[in-house]
Amino acid sequence: MLTVTNLEKSSSKKLLMTDVNLTVHEGEILALVGEHQSGKSLLTKLILTLSHKTRGKIKVSANQYIGAFIPREKLMPNITVQTAIKDYCQLRDYPYNGRNVKNILALFNLRKHLNHKIEQLTLAERDLLKIAMPLILRTDVLILDAPFKNLPAKQAKDLRVLLKKISKELRTSILVTAAKMSEIEEFCDTIAIIDDGMIISLQSYNAMIAREMDNAKLGVTVAEPNYAAKVIEDVFQVPARLCGDQVIVNMKPERVQDVVDALIGAHVTVISAQRVFRSLDYQYWELINQRKKYY
């Protein structure tokens, strides 16, 4: 649905983006994750032709409509939600369908505001409206730049669930940007990590989770953590580190019974033992820090 090939953007003084390659397939959610000024918003502007590329190609499948949420875009405060939507449809030469509008607004819990002025909506409700409007036009590719930024946790979670449903049921392709991995966990299909205008990692969500599983550690909560750590190191000849009253050891979780038996044999009170996962945020910072060693 959307393909970006060898995309580059430069100013008179600096190379802002280089060699960016991305493909968003039909019904796929691709999350672009990066720090402030990493190039996330610039990439969305280039795709939407709000900024001119220096070289490279951006291709959208034939007869496909791109819709977008731009957080800095303002809606006229003194008009009603219904008027704003009618103007939006007219601007894009799309027929206004009252039933369709109400159905889409209901998905975002905004139907009750149809005849309210924009200025009566909260900041979060205005953002949700700006996300809903392209869907009213049956958009095929949806570009969302930091859509969760102004939303309370509950609304952000509900939006993730809704967008996932839309991508799967309507086969809408979605490119969403985020500053934190936690914003897109259990939501996207593919994760692209961008840093300083370069894509430094492009993996499926499942692949990152599998990598997390492969690097799982064993965490044992005990009454005497310092003594327990020494017992583990002496018996298994592996380093152990403390995290509060938990001892973290780089051993396969399948060996939990061996560790518990050794601790009980050394008269250590074991409260619990479980697998300890690295978070996706941990993987993100690992990739960022590895890159910074070379640049």
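Please refer to the structure placed before this passage.
I will try to describe carefully the structure that is included in this document. Since the structure is predicted, the reported quantities are computational estimates derived from the model, not experimental observations.

## Some words on the pattern of salt bridges
Applying the stated criterion across every chain yields a total of 8 salt bridges. Two residues, lysine 130 and aspartate 127, come together in a salt bridge whose shortest N-O distance is 3.7 Å. Within this pair, lysine 130 and its partner aspartate 127 are both found in helix α4 (residues 123-136), separated by 3 residues, close to a single helical turn. For aspartate 127, a relative accessible area of 2% puts it in the buried group.

## Observations regarding the packing of aromatic side chains
Going through the model one piece at a time under the given rule, you end up with 2 aromatic pairs. Pairing phenylalanine 148 with phenylalanine 187 gives two aromatic rings, centres 5.8 Å apart and planes at 85°, and the pair type is edge-to-face. Of the two residues, phenylalanine 148 sits in the loop between β6 (141-144) and α5 (153-169) while phenylalanine 187 sits in the loop between β7 (173-178) and β8 (190-195), which places them 39 residues apart along the sequence. Ring centres 5.0 Å apart and planes at 75° place the aromatic pair tyrosine 284 and tryptophan 285 in the edge-to-face group.

## Re the packing of α4 against α5
One can describe the packing of α4 onto α5 by two numbers: an axis separation of 12 Å at closest approach and a directional angle of 5°. Compared by their axis directions, α4 and α5 come out roughly parallel. Each of Ala124, Leu128, Ile131 and Leu135 in α4 lies in contact with α5, whose residues at this interface are Gln155, Leu159 and Ile166. When its residues are assigned to classes, the contact of α4 with α5 shows 6 nonpolar, 1 polar and no charged.

Cut-offs and rules
- Residues numbered from 1 in each chain as written.
- Predicted model: local features only at pLDDT ≥ 70, side-chain atom pairs only at ≥ 80, totals over all residues.
- Heavy atoms only, no water.
- Salt bridge = Lys/Arg side-chain N within 4 Å of Asp/Glu carboxyl O.
- Helix = DSSP H or I, 4+ residues; strand = E, 2+ residues; numbered from the N terminus.
- Buried < 20%, exposed > 50% of the residue type's maximum accessible area, 1.4 Å probe, protein only.
- Phe/Tyr/Trp six-rings, centres within 6.5 Å; stacked < 30°, edge-to-face > 60°.
- Axes fitted to C-alpha atoms, helices over the stretch in contact; angles between N-to-C directions.
- Parallel < 35°, antiparallel > 145°, perpendicular 65-115°, else oblique.
- Contact = heavy atoms within 4.5 Å.
- Nonpolar A, V, L, I, M, F, W, Y, C, P; charged D, E, K, R; others polar.

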